[in-house]
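Observations on chain architecture
Chain by chain, the residues run as shown.
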Amino acid sequence: MNSRAWLMLYLTAVIAITFVHHVPTLALVLFAALALAGKRRWQIARRTLLAMLAFNLTVSLGYAAIALWQGNFHSGYLLLVNVRVFLLLYLGFWFVAAVDLLSALSGMPLLRLVATLSIGQIKTFERILNDFGLAFRSRNLARPRLLDKAHHAASQAQNLLDKSVASANETALAMRSRGAFDD
């Protein structure tokens, strides 16, 4: 199958999964995806769990706290949401690992441009995160305290936000100079 067909299959699966509200069906699809992923299944599952951690710390814990406070907590709903999010994230990471997104978007110039700009931003942020990690390790010979890690994370987040705003402004100026916003 070519990359365009994989993209269409992935998009169809994402839409279909959002209509499924039965946890065993979602779990079955997840196990099928795990089985079909091959040797990379555990690496993709690990990345999925790390990405899902942010979701769980905000949405799931927030829902649980408010629902318990209001007295209408439903563990089945929480399980459904988390299984669905894990499945969607897993399929997304699997798709990105298996398919060249730019070739999948070859017939769609605007989407290909957006994907190219996004990939460039991701690579820039990846390099910045790597540089921050190396700098932090080189400046801490002993095991850093939790407070030191928190200060490092805060300065890293501030730098990433500043970089993203500057890059967005730079990209908008470049696109404007090429007539992207002309009516």
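Residues numbered from 1 in each chain as written. Predicted model: local features only at pLDDT ≥ 70, side-chain atom pairs only at ≥ 80, totals over all residues. Heavy atoms only, no water.

1. Quick word on the confidence of the model for the chain
Stated precisely, the cut-off is as follows: In predicted models, pLDDT denotes the confidence assigned by the predictor to each residue on a 0 to 100 scale. Starting at the N terminus, helices and strands are each numbered in turn, a helix being any DSSP run of H or I of at least four residues and a strand any DSSP run of E of at least two.
Looking at the chain, the pLDDT average stands at 88 and 99% of residues meet or exceed 70. When pLDDT is averaged over each helix and strand of the chain, the minimum, 85, is found for helix H7 (residues 146-177) and the maximum, 93, for helix H2 (residues 23-36).

2. Digging into the nonpolar core
Basically, it comes down to this: By nonpolar core we mean a set of buried residues, namely Ala, Val, Leu, Ile, Met, Phe, Trp, Tyr and Cys, connected to one another through side-chain atoms within 4.5 Å. Only protein chains enter the accessibility calculation, which uses a 1.4 Å probe; a residue is then buried when its area is under 20% of its type maximum, exposed when over 50%, and partly exposed in between. When checking whether two residues touch, look at their non-hydrogen atoms; a contact exists if any pair is within 4.5 Å.
Of all hydrophobic cores here, the largest spans 19 residues; its most connected members are Leu26, Leu30, Phe86, Leu87, Tyr90, Leu91 and Trp94. Counting only elements with at least two residues in this core, the list comes to H2, helix H3 (41-70) and helix H4 (75-98). Leu87 has contacts with Ile17, Leu26, Val29 and Leu30, leaving out every residue within four places of it along the chain. One finds Phe95, Val99, Ala104 and Leu105 within the second-largest nonpolar core, a separate group that totals six residues.

3. Focus: the environment of Ile44
Mapped onto the fold, Ile44 is located in helix H3. Sequence separation between Ile44 and Ser75 is 31 residues, and the spatial gap between their C-alpha atoms is 26 Å. Not counting the four nearest positions on each side in its chain, Ile44 is found in contact with Tyr90, Phe93 and Trp94.

4. With respect to the packing of aromatic side chains
The test is simple: Any pair of Phe, Tyr and Trp rings, taking the six-membered ring for Trp, is counted once the centres come within 6.5 Å. Such a pair is stacked with planes under 30 degrees apart, edge-to-face with planes over 60 apart, and tilted for the rest.
For the coordinates displayed, the defined rule picks out four aromatic pairs. Seen from their ring centres, Tyr10 and Phe95 are 4.8 Å apart, and the 10° between their planes marks the pair as stacked. Residue Tyr10 is found in helix H1 (residues 3-18), and its partner Phe95 is found in helix H4; the two are separated by 85 residues along the sequence. For Phe95, a relative accessible area of 9% puts it in the buried group. On the basis of an interplanar angle of 20° and a centroid distance of 6.3 Å, the ring pair of Phe86 and Tyr90 is categorised as stacked. Note that Phe86 and Tyr90 are positioned in helix H4 at a spacing of four residues, about one turn of the helix.

5. Thoughts on H2
Selection criterion: What a helix is expected to span follows from its residue count: subtract one and scale by 1.5 Å. By definition, the arc is the one covered by directions from the helix axis to the C-beta atoms.
With 14 residues, H2 should reach 20 Å at 1.5 Å per residue; the first-to-last C-alpha distance of 20 Å fits that figure. For H2, every residue scored as buried is listed here: Leu26, Leu30, Ala33 and Leu34. Projected down its long axis, H2 shows its buried positions confined to an angular sector of 100°, all on one face. For H2, exposure combined with an orientation more than 90 degrees from the buried face picks out Pro24, Leu28, Phe31, Ala35 and Leu36. In this structure, the buried residues of H2 make contact with H1, H3 and H4.

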